[in-house]
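Coordinate analysis (summary)
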Amino acid sequence: MSMRIRAAALAALTTAALTAGTVLTAPAAGAAPKAAVPKFLSASQLPPHPSSSWTAGPVTEGFPEELGFCVSTEGVPSYDYRYRQFRTDLDTGAVQLTVVADTAALAKALAKHYDDLIRTCADRIEKADPDVEAEGRDYGKLPVEEGARVRGLHTETSWGANDISLMSVGRDGRTVTVVQWGQMGDFDDAPVAAFKKTTTTAVNKLY
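Residues numbered from 1 in each chain as written. Predicted model: local features only at pLDDT ≥ 70, side-chain atom pairs only at ≥ 80, totals over all residues. Heavy atoms only, no water.

**A look at the nonpolar core**
Spelled out, the test is: We define a nonpolar core as any set of buried Ala, Val, Leu, Ile, Met, Phe, Trp, Tyr and Cys residues linked to one another through side-chain atoms lying within 4.5 Å. Burial here depends on accessible area, computed with a 1.4 Å probe over protein chains only, as a share of the maximum for the residue type. Under 20% is buried, over 50% is exposed, and the range in between is partly exposed. Only DSSP runs of H or I covering at least 4 residues are called helices, and only runs of E covering at least 2 are called strands; the numbering of each starts at the N terminus.
Counting 28 residues, the largest nonpolar core has Tyr79, Tyr114, Leu153 and Val176 as the members making the most contacts within it. Residue assignment for this core shows that the elements contributing at least two residues are β3 (81-87), β4 (92-100), α2 (104-119), α3 (121-128), β5 (132-142), β7 (162-172) and β8 (175-184). Membership of the second largest hydrophobic core comes to 21 residues, among which are Leu41, Trp54, Val150 and Leu166.

Shown next as structure tokens:
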């Protein structure tokens, strides 16, 4: 989907994300020290655009609002989030989030939590706004490090906005990464194979 979904759809998606709810256990006292800072994708590692090159923004502290459509920090410990945005000259964008948990067990739970939010996002969108039709698809697991999973989401509004996104969650030890790609269109416009390659690169590149 485009990085800025139409205003009414954005409100519905944000509401849907905040109503999702798996609460993870907070880190225990005396947890292990922070790991090395994970690395991010470069612009050339995004799915190729047929008519525009990708531009990568700086790595930024915080949680990207673009992921608030389906993924949020609600019910999650106050980790240090970092992200990087990507854009083309046209209506296509992407974002990568990384977060380092205190233990591998917490990272595993966090990855499952994010994947569950993405898996249930379409249903939550439709419940939140009757003017938006949404469909999710599961594109399967990827055998990289501790694993990754790719999913797709298509939304269409009653006034004609039509957006497609691909989202993935992957983990390497104590680090979880979420990648989202989006543009106007439907499932036929989604570069699934290229996005799987991007996800594999993102997880392998963390360390």
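**Here we look at the pattern of salt bridges**
What counts is decided by this rule: Salt-bridge detection follows one rule: a side-chain nitrogen of Lys or Arg within 4 Å of a carboxyl oxygen of Asp or Glu.
Per the stated rule, a full pass over the model turns up seven salt bridges. A salt bridge links aspartate 116 to lysine 112; its shortest N-O distance comes to 2.8 Å. Taken together, the residues aspartate 116 and lysine 112, both in helix α2 and four residues apart, mark about one turn of the helix. By relative accessible area, lysine 112 is classed as exposed at 54%. Salt bridges here are not isolated pairs; linked through shared partners, they connect Asp115, Asp138, Arg149 and Arg151.

**Details of the state of the cysteines**
Counted only if it meets this: Any two cysteine sulfur atoms lying within 2.5 Å of each other are counted as a disulfide.
Counted by the stated rule, this structure contains one disulfide. Covalently, cysteine 70 is tied to cysteine 121 through a disulfide, its sulfur atoms 1.9 Å apart. Since a negative S-S torsion denotes a left-handed disulfide, the cysteine 70-cysteine 121 link at about -80° is left-handed. You can see cysteine 70 sitting in the loop between β2 (60-61) and β3 and its partner cysteine 121 sitting in helix α3, a full 51 residues away along the chain. By relative accessible area, cysteine 70 is classed as buried at 1%. Residue classification places cysteine 121 among the buried positions, given a relative accessible area of 0%.

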